[in-house]
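Now for the letters of each chain:
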Amino acid sequence: MPAMSSRNWTLREITDVFCNHWKMISILVVLSMIGLAAVLFHYPDTYESEAKLFVRLGRENVGLDSTASTGQTVSLNASREADINSLIEHLESRSIIEKAFEKLSHDETFATPREREIAISSLAKKVTISSPRTSYVIRVSCTGETPELAQQTLDAILATFRDEHMRVTRSSGSFDFFDVQTQSLQQQLEKANLELRDLKSSYKLASYEGRRRGLEEELARVDRDVAESRTNLASSEAKMLALRDKLSQLPQSLVRQMVGGQPNDGLAAMREQLFQLESKEKDLLARKTNDHPEVAAVHHQLETLRSVFDDETPTHSSMQSAIIAVEEAEVKALRARLDSLVQYQTELHDDLLALNDQEIVLAQGERRVNQLESEYLANLQRREQARIDEAMQLEKISNVSVMQAPTFVAIPVAPKKKLAMVAGFMLALMASCGLALLIEYFREPVIQHDPSPAAEWRREPFSPVPKPEFLSRQKG
């Protein structure tokens, strides 16, 4: 190792090295810049197309699929960040890149599968996908040799992604499945309704609730009538017994009043006529004898009228019998009404018991109808959801919309020539200066360095350029 390598260089010595080797440094920098410029001139330009996708809250991420849900669609507890990450993963998937590559390559054939794989991998490296934090926007960019190619490539990727997104977020064949299920349930529901109708017709019921309510109200009324009839019957029987014991002791006039009924106008007229004839007879007897023809005529009329009146006027015993007969008839009527009510009450109880048995059968039929109707309506709703899902797929409507279409930018994004030239200049300058220092580092010094402070002022300026005698020694 030369002796100079062990000493420490001062800033002045380093400056002298750069000054003495400025030609070499300049030549190296110029040559490096010329080479860099040549490389940049022949390096192909790279253009970039950018698009932005906006992710809304849609049917793809708010609920279960119609084939998986057992009731109404329910909301899932998935975060929006998870939705965005899922879409980014889908965009970065191999299937999207491969299908987009097939759209772009058209009928282009590759010699080997390796070449095709290399082309697909190269396309995947050109695509960049990112999303700002706490944002619903996904940024997708793609580079290409020309602006048109970059834009076309990004268009193909987005179109492929939208088609695949519609495909993976729906269940294939769900509409046909629910259509078949709905038709089957409709037929079962119609059959169950017909069976329930025939069952109600055989029972002669419109509804067992109304029938039960009617029976209960009728039974309550009959119970009240039975109680009232029993009370009236007991009262009539007690009255009849009392009349049999006391009726013979009552005067005829009171008995006649008890017989009641409508007044007999004929008897009243006969009684009035009888009273008048009696008065007339007394008047004639006061003035004439009994043998007088006028008195005899009145007497004859009076006897005839009394005979008729006595025949028409009921006797005391007959009136008593009539009163008792009326009460007996009343008792018989009340007893017959009570028997009829009790029989009707029994029939109502039997009908109520039969209704209880019929209620079980009707309830089972109605439950069957209600269950089929509920299932039918649920499947009808799911079928409609599946139909809307298919229609949205045909129209390509989803929760992901293109907020910014792929751009056409004629300015290349790479290489950045100005930045590359500046960076190349700096690197070339640093490399040239380093080479100069390296040369001086391994060169033998001409002047021995005295590290003492007194000698520092007497030392001649350092010159790393070889002295003539050093050069002659090297030649020798």
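Keep in mind that what you see is a predicted model, and the values were worked out from it rather than measured.

Definitions and limits used
- Residue positions are counted from 1 within each chain, in the order its sequence is given.
- With the structure being a predicted model, the display of local features is reserved for residues of pLDDT at least 70 and the display and counting of side-chain atom pairs for 80 or more, all residues being used for whole-chain, interface and lining totals.
- To obtain the side-chain values, all non-hydrogen atoms of the structure were included, while hydrogens and water were left out.
- Each helix is a run of H or I in the DSSP string that is no shorter than four residues. Each strand is a run of E no shorter than two, and both are numbered from the N terminus.
- Only protein chains enter the accessibility calculation, which uses a 1.4 Å probe. A residue is then buried if its area is under 20% of the maximum for its type, exposed if over 50%, and partly exposed in between.
- Residue burial considers only the protein chains on display, and all accessible areas are found by Shrake-Rupley using a 1.4 Å probe.
- UniProt positions are given in the numbering used here, feature names are shortened, and annotations may be inferred rather than shown by experiment.
- Strand pairing is assigned whenever DSSP detects at least two bridges linking the two strands.
- Salt bridge, as used here: a side-chain nitrogen of Lys or Arg that lies within 4 Å of a carboxyl oxygen of Asp or Glu.

For the rest of this paragraph, the subject is the overall build of the protein chain. When helices and strands are tallied, the protein chain shows 15 helices and four strands. Taken across its 476 residues, the protein chain has 28% of its residues classed as buried. Working note: accessible area of the protein chain is about 30900 Å², and carbon and sulfur atoms make up 56% of it.

Let's shift gears to the UniProt feature "transmembrane region" (unreviewed entry) in the protein chain. The UniProt record marks residues 21–43 and 419–439 with the feature "transmembrane region" (unreviewed entry), using the residue numbering of this structure. Along residues 21–43 the backbone is 91% helical and 0% strand, and the end-to-end C-alpha distance reaches 33 Å. As annotated, residues 419–439 has a helix share of 100% and a strand share of 0%, and its two end C-alpha atoms lie 30 Å apart.

On any regular strand, side chains alternate: one points to one face of the sheet, the next to the other face. By the alternation rule, side chains of strand β2 (residues 127–130) split into Val127 and Ile129, which are all buried, and Thr128 and Ser130, of which none is buried. Two strands pair when backbone bridges link them, and β2 and strand β3 (residues 137–144) are joined in this way by four bridges, in the antiparallel orientation. In the sheet register, isoleucine 129 faces β3, and the bridge partner there is valine 140. In this structure, the hairpin formed by β2 and β3 is closed by a connection of six residues, where threonine 134 is found at a positive phi of approximately 50°.

Right, let's talk about the pattern of salt bridges for a bit. Throughout the structure, instances matching the rule amount to 18 salt bridges. Residue glutamate 102 pairs with arginine 116 through a salt bridge whose shortest N-O separation is 3.2 Å. Within this pair, whereas glutamate 102 is found in helix α4 (residues 94–105), its partner arginine 116 is found in helix α5 (residues 113–126), the two being separated by 14 residues in sequence. Taking the shortest distance from any N to any O, the salt bridge between arginine 212 and glutamate 359 comes out at 2.5 Å. Taken together, the residues span a long stretch of sequence, with arginine 212 in helix α8 (residues 208–246) and glutamate 359 in helix α12 (residues 316–394) at a distance of 147 residues. Bridged by salt links that share partners, the residues Arg94, Glu98, Glu102, Arg116 and Glu117 form one connected network.

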